[in-house]
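Observations on chain architecture
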Amino acid sequence: MAKALIYATSFMTKGNIPIAKYISREAKTDIFNLKDLMKLNLEAYDTIIFGTANNGGKADKLVSEFVQNNKDVLDSKKTYLYVLVSKDDEKTAEQVNAIAQELGVSDVVSIPKKAEEMNDSGFPCVVDDFISKL
């Protein structure tokens, strides 16, 4: 079962790069930064994982456009989503749910920049819980 991790970064969301690389390595996925992506054959993958930051309740523009442009193919795939968040509160949870709804992905996790429980690699333990579902 082939898996692809597709994420986006901007000047403000460079923190997505180390988390994306960690998830990709641990979940054994191919990894694609939409900032550098020219073309991707989604047919080669059974599972697609999207990564974005929370931009005021919206996904990164590149992620939104990619999902919109590939909706027909994505409908037949297992899809997952992680959203990087700066706070872990009720408003942020609502924003993460809005992003998941916008992208049509029901299996979503929010990953705070810092958490009480961190793994040995320095990431919130919720990242490892997310990886175990993939």
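Every chain is numbered independently, its residues counted from 1 as its sequence is written. Restriction of local features to residues with pLDDT of at least 70 applies here, the model being predicted, together with a cutoff of 80 or more for giving and counting side-chain atom pairs; totals for whole chains, interfaces and linings are based on all residues. Water and hydrogen atoms were dropped before computing side-chain values, which therefore reflect all heavy atoms in the structure.

Turning to the overall build of the chain, a few remarks are in order. Each helix is a run of DSSP H or I of at least 4 residues and each strand a run of E of at least 2, with the numbering of both proceeding from the N terminus. For the chain, the count of helices and strands is five helices and five strands. The N-to-C order of helical and strand elements in the chain reads β-α-β-β-α-α-β-α-β-α. When we talk radius of gyration, it's over C-alpha atoms, and the globule rule is simply 2.2 Å times the number of residues to the 0.38. Computed over the C-alpha atoms, the radius of gyration of the chain is 14 Å, within 12% of the 14 Å expected from 2.2 N^0.38 for a compact globule of 134 residues. Along the first, second and third principal axes, the C-alpha atoms of the chain reach 40 × 30 × 25 Å. Residues are treated as being in contact if the distance between any of their heavy atoms lies within 4.5 Å. Within the chain, contacts between residues separated by at least 24 positions form 75% of all contacts whose residues are at least 6 apart in sequence. Each accessible area is a Shrake-Rupley result for a 1.4 Å probe, and residues are judged covered by the shown protein chains and nothing else. With the model as given, the accessible surface of the chain reaches about 7,700 Å², and the carbon-plus-sulfur share is 47%. His is not counted here, nor are the chain ends, while Lys and Arg score as positive and Asp and Glu score as negative. Charge positions are represented by NZ for Lys, CZ for Arg, CG for Asp and CD for Glu. Distance between charge centroids for the chain: 6 Å, based on 17 positive and 20 negative side chains.

Interaxial angles span 0 to 180 degrees and are taken between N-to-C directions of axes, which are lines fitted to C-alpha atoms, for helices over the stretch in contact. Where helix H1 (residues 16–27) contacts helix H5 (residues 126–133), the two axes come as close as 10 Å, and the packing angle between them is 40 degrees. Classified by the interaxial angle, the pair formed by H1 and H5 is oblique. H1 and H5 meet at a crossing whose hand is right-handed. Between H1, through Tyr22, Ile23, Glu26 and Ala27, and H5, the contact on the second element is made entirely by Val127, Asp128, Phe130 and Ile131. Grouping the amino acids of the contact of H1 with H5 by side-chain chemistry returns six nonpolar, no polar and two charged. Note on terminology: angles under 35 degrees are roughly parallel, angles over 145 are roughly antiparallel, angles of 65 to 115 are roughly perpendicular, and the others are oblique. Two helices that cross are described as forming a left-handed crossing if the nearer one is turned anticlockwise from the farther one by less than a right angle, and a right-handed crossing if clockwise. We call Asp, Glu, Lys and Arg charged. Ala, Val, Leu, Ile, Met, Phe, Trp, Tyr, Cys and Pro are nonpolar, and the rest, Gly among them, are polar.

Time to look at the sheet that holds strand E3 (residues 47–53). Strand pairs in the sheet, formed through backbone hydrogen bonds, run parallel or antiparallel to each other. Two strands make a pair as long as DSSP finds a minimum of two bridges between them. Strand order across the open sheet formed by five strands is E2-E1-E3-E4-E5, with parallel pairing between neighbours. Two strands bound the open sheet, and with one partner strand each, they are strand E2 (30–33) and strand E5 (108–112). In this sheet, neighbouring strand axes are inclined to one another by 20 degrees on average, regardless of whether the strands run parallel or antiparallel. Bridge analysis of strand E1 (residues 3–7) against E2 gives four bridges, and the strand direction is parallel. Directly across from Tyr7, in E2, lies its bridge partner Asn33. With respect to the sheet, H5 is in contact with E3, strand E4 (78–85) and E5, its orientation differing from that of E5 by roughly 155 degrees.

A few words on the confidence of the model for the chain. The predictor attaches a confidence to each residue, called pLDDT, with possible values from 0 through 100. Taken residue by residue, the chain gives an average pLDDT of 92. The fraction at 70 or more is 96%. The least confident element of the chain is H1, whose mean pLDDT is 94; the most confident is E1, at 97.

All right, on to unusual backbone geometry then. Positive phi values are uncommon outside glycine, yet Lys28 reaches one of about 55 degrees. Following the sequence through the fold, Lys28 ends up in the loop between H1 and E2. Note on exposure labels: buried denotes an accessible area under 20% of the residue type's maximum, exposed denotes more than 50%, and partly exposed covers the range between, all computed with a 1.4 Å probe on protein chains only. When its relative accessible area of 69% is taken as the criterion, Lys28 is described as exposed.

Quick look at the packing of aromatic side chains now. How two aromatic rings sit relative to each other is set out by the distance from centre to centre and by the angle between their planes. Note on ring pairs: Phe, Tyr and Trp rings are taken, using the six-membered ring of Trp, and paired if centres are within 6.5 Å. Classes follow the plane angle, with under 30 degrees stacked, over 60 edge-to-face and the rest tilted. Scanning the model with the defined rule gives five aromatic pairs in all. Plain terms: the ring middles of Tyr22 and Phe123 are 4.9 Å apart, the flat faces sit at 35 degrees to each other, and that makes the pair tilted. Of this pair, Tyr22 sits in helix H1 while Phe123 sits in the loop between E5 and H5, placing them 101 residues apart in sequence. For Tyr22, a relative accessible area of 6% gives the class buried. A centroid spacing of 6.1 Å and a plane angle of 70 degrees characterise the contact between Tyr82 and Phe130, whose relative ring orientation is edge-to-face. Of the two residues, Tyr82 is situated in strand E4 and Phe130 in helix H5; the sequence distance between them amounts to 48 residues. Residue Tyr82 shares its accessibility class with Phe130, and that shared class is buried. Cluster of aromatic residues (ring-pair linked, three or more members): Tyr80, Tyr82 and Phe130.

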